[in-house]
Amino acid sequence: MSAAAASFHSSHLRRAVLVAPGQLEIRAFIPPRPAPGEILVQVRCALSCGTDLKTWRRGHPLWKMPTPLGHEFAGVVAEVGAGVSGFAPGDEIMATPTAPCGTCFYCGRGQENLCATAIDKMVLGAYGDMLVLPAHIVSRNVFSKPRDLPFEEAALLEPLSCVVHAQAMAMPERHERVMILGAGPFGLLQMMALRAAGVREVVVAGRGDARLRWAAEMGADRVIDVRRQDAAAAASQLNGGFGPDLVIECTGQVDGWSDALARTRRGGRVLLFGGCPPGTSLNVDTRRMHYDGLTMIAPFHYRPRDVRRSFELLSERRLGAERLINAHRSLDDLADVFSMMDRGTVLKCAVVP
Ligand SMILES: [Zn+2]
Ligand SMILES: [Zn+2]
């Protein structure tokens, strides 16, 4: 072990900890030595995420407080545990905060997105100087970052993997016309992935002047302000009056799910991407569902193959995804990051320790 590596375990490192809803503390953090198969990562950039905001507001069912936060990141390998091959101290890496076990029922059926390990053993703590990646992530979802890919863009690996998985389920085609409900970071990332896939027309319906302006600047053929314009009428005009081939729901609200089902064309698909609050349910018109031949797709999380595809898309730099990152803050200004997210004045904020 080098002298530099030794200093990681003794010097004064920090990370953000949520101690109660709305209450963050920056605490001293002495990272553990990486165990066999693990990697200690020096975080170079973490990105804000809607999940962080929800957790900050009301806690998270799986993450008991006090809990570290931050799960979208890229960084530099500081130290590797015994048996790690392929990564060495100094390597620039990008990773997802989860990975499947590879051996359970769901993994055996290629549905690694449903693996309990992927959900229960998520790595948190990217809002900090360092974090440890466990062996099951190191062996599947860590990639060498191309040198010319900025850390903040590389940190989009996780959210983009969710989008790639969703679109792998919905299979948009080049001739199709798609409507996206919601102009937040995920709505815009969906739009960028559709653009990269060469889809003919993408309409984004959402709220918030800034967000709709960004959607237009980043490639939407048309934006609909749902507070001022009739989004249902706009949807029905697509495809010469038949309606959109695919509607992608990115609001995470039951009304959004209902709207998505109402707006897709006969024979079309509905991609229910935004997770709704717990305890909510959806009322579906069975007659419409059946006789209009709708396909309902509700993707969750991502599989290693989606992460690889997401890595390729970011490495090729064809999405222009760096445009989503429209603010930068230090760890000390994390409270400011949450208030910007709360007000909807930022898409993705880069948090640099
Ligand atoms: Zn996230
Ligand atoms: Zn599994």
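Residues numbered from 1 in each chain as written. Chains lettered and ligands numbered in written order. Predicted model: local features only at pLDDT ≥ 70, side-chain atom pairs only at ≥ 80, totals over all residues.

## Focus on the sheet that holds strand β10 (residues 201-206)
As summarised here, the arrangement of the six strands in space is β11-β10-β9-β12-β13-β14, forming an open sheet in which the pairing is parallel. For this open sheet the edge positions go to β11 (222-225) and β14 (295-297), each flanked by a neighbour on one side alone. Each strand of the sheet is rotated relative to its neighbour by a mean of 15°, with strand direction disregarded. Here β10 runs beside β11; their pairing, made up of four bridges, is parallel. Along β11, the bridge assignment pairs Gly 206 with Asp 225. This element, helix α7 (residues 157-170), spans β12 (246-249), β13 (269-272) and β14 of the sheet and lies at about 160° to β13. (Pairing = 2+ DSSP bridges. Helix = DSSP H or I, 4+ residues; strand = E, 2+ residues; numbered from the N terminus. Axes fitted to C-alpha atoms, helices over the stretch in contact; angles between N-to-C directions. Contact = placed C-beta atoms within 7 Å.)

## Details of the pairing of strand β5 (residues 73-80)
Across the eight residues that make up β5, a large majority, seven, are buried. Direction of pairing for strand β3 (residues 39-47) relative to β5: antiparallel, over a ladder of seven bridges. From the neighbouring strand, Cys 45 faces β5, where its bridge partner is Ala 74. Two strands pair when backbone bridges link them, and β5 and strand β6 (residues 92-95) are joined in this way by four bridges, in the antiparallel orientation. In the sheet register, Val 76 faces β6, and the bridge partner there is Glu 92. (Buried ≥ 20, exposed ≤ 12 C-beta atoms within 10 Å, placed from the backbone.)

## A closer look at the nonpolar core
Among soluble globular proteins, nonpolar side chains are generally buried collectively. Formed by 107 residues in total, the largest nonpolar core has its most connected members in Val 41, Leu 133, Ala 155, Leu 157, Leu 188, Met 191 and Val 204. Of the domains in this structure, domain 1 (3-155 + 320-352) and domain 2 (161-297) are the two that each give at least three residues to this core. Excluding its chain neighbours within four sequence positions, the residues that come into contact with Met 191 are Ile 180, Val 202, Val 204, Ala 215, Met 218, Gly 219 and Ala 220. (Core = buried A, V, L, I, M, F, W, Y, C linked by C-beta atoms within 7 Å. Domains from an automatic or database assignment.)

## Quick notes on the domain arrangement of the protein chain
Domain boundaries assigned for the protein chain yield domain 1 (3-155 + 320-352) and domain 2 (161-297). The C-alpha-based centres of domain 1 and domain 2 are spaced at 29 Å. Facing eleven residues of domain 1, the contacting portion of domain 2 comprises twelve residues. Here the residues of the side of domain 1 that touches domain 2 are counted per class, giving three nonpolar, six polar and two charged. (Nonpolar A, V, L, I, M, F, W, Y, C, P; charged D, E, K, R; others polar.)

## Let's talk about the packing of α7 against helix α8 (residues 185-196)
For the pair α7 and α8, interaxial distance at closest approach is 10 Å and the crossing angle is 55°. Taken together, the axis directions place α7 and α8 in an arrangement best described as oblique. Where α7 crosses over α8, the two elements pack in a sense that is right-handed. Residue-level inspection shows Pro 159, Leu 160, Val 163, Val 164 and Gln 167 of α7 in contact with α8, the latter providing Pro 185, Phe 186, Leu 189, Gln 190 and Ala 193. Grouping the constituent residues of the contact of α7 with α8 by class yields eight nonpolar, two polar and no charged. (Parallel < 35°, antiparallel > 145°, perpendicular 65-115°, else oblique. Left-handed = near helix turned anticlockwise from the far one by under 90°.)

## Focus on the pairing of β13
Successive residues of a regular strand alternate their side chains across the two faces of the sheet. In β13, alternate side chains face the same way, and those of Arg 269 and Leu 271 on one face and Val 270 and Leu 272 on the other are all buried. Bridge count between β12 and β13: four bridges; the pairing is parallel. Paired with Val 247 across the two strands is Val 270, which belongs to β13. Relative to β14, β13 runs parallel, the two being bridged by three bridges. Bridge assignment links Val 270 to a residue of β14, and that residue is Met 296. Remark: the β13/helix α12 (residues 286-291)/β14 crossover connection has right-handed handedness. (Right-handed = clockwise from strand over helix to strand, strands pointing away.)

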